[in-house]
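# Understanding the architecture of this molecule
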Amino acid sequence: MTTEQIQNKADELTAKLNVKVYPLVVKFKDEQVIGYVQEPKRQAKFAAMNELAKQDVATAGELLLDACLIKE
């Protein structure tokens, strides 16, 4: 997919979900893996901040990824 197609899909998802959606593009062994994440909700941000206060960065990141990754 081209950069423009990826951004168009993110814009479509933003309109459909009524929340800002960002594309996530990763190159893996000559393949382009495309995902989309949405802006985290307040509860997810607070949960991640709570884990960061405990100095548990990995759990904070996992919480945010689980809360924001758009799965089809």
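To be clear, the structure that these remarks concern was listed above.
Reference entry: report on the structure contained in this document. From a predicted model like this one, the values you see are computed outputs, not experimental measurements. (Residues numbered from 1 in each chain as written. Predicted model: local features only at pLDDT ≥ 70, side-chain atom pairs only at ≥ 80, totals over all residues. Heavy atoms only, no water.)

### Re helix α1 (residues 3-17)
- Taking 1.5 Å of rise per residue, the 15 residues of α1 would be expected to cover 21 Å, and the 21 Å separating its terminal C-alpha atoms lies within 8% of that figure.
- Within α1 the residues assigned to the buried category are Ile 6, Ala 10 and Leu 13. The arc that holds every buried residue of α1, seen down its axis, measures 60 degrees, which confines them to one face. Those residues of α1 that are exposed and angled more than 90 degrees off the buried face are Glu 4, Ala 15 and Lys 16.
- Taken from the residues just after α1, Asn 18 is the one with a positive phi, measuring 60 degrees. (Helix = DSSP H or I, 4+ residues; strand = E, 2+ residues; numbered from the N terminus. Expected span 1.5 Å × (residues − 1). Buried < 20%, exposed > 50% of the residue type's maximum accessible area, 1.4 Å probe, protein only. Arc of directions from axis to C-beta.)

### A few points about the packing of aromatic side chains
- Counted by the stated rule, this structure contains 0 aromatic pairs.
- Positioned above the aromatic ring of Tyr 22, the side-chain terminus of Lys 20 is 5.6 Å from the ring centre. (Phe/Tyr/Trp six-rings, centres within 6.5 Å; stacked < 30°, edge-to-face > 60°. Lys NZ or Arg CZ within 6 Å of the ring centre and 35° of its normal.)

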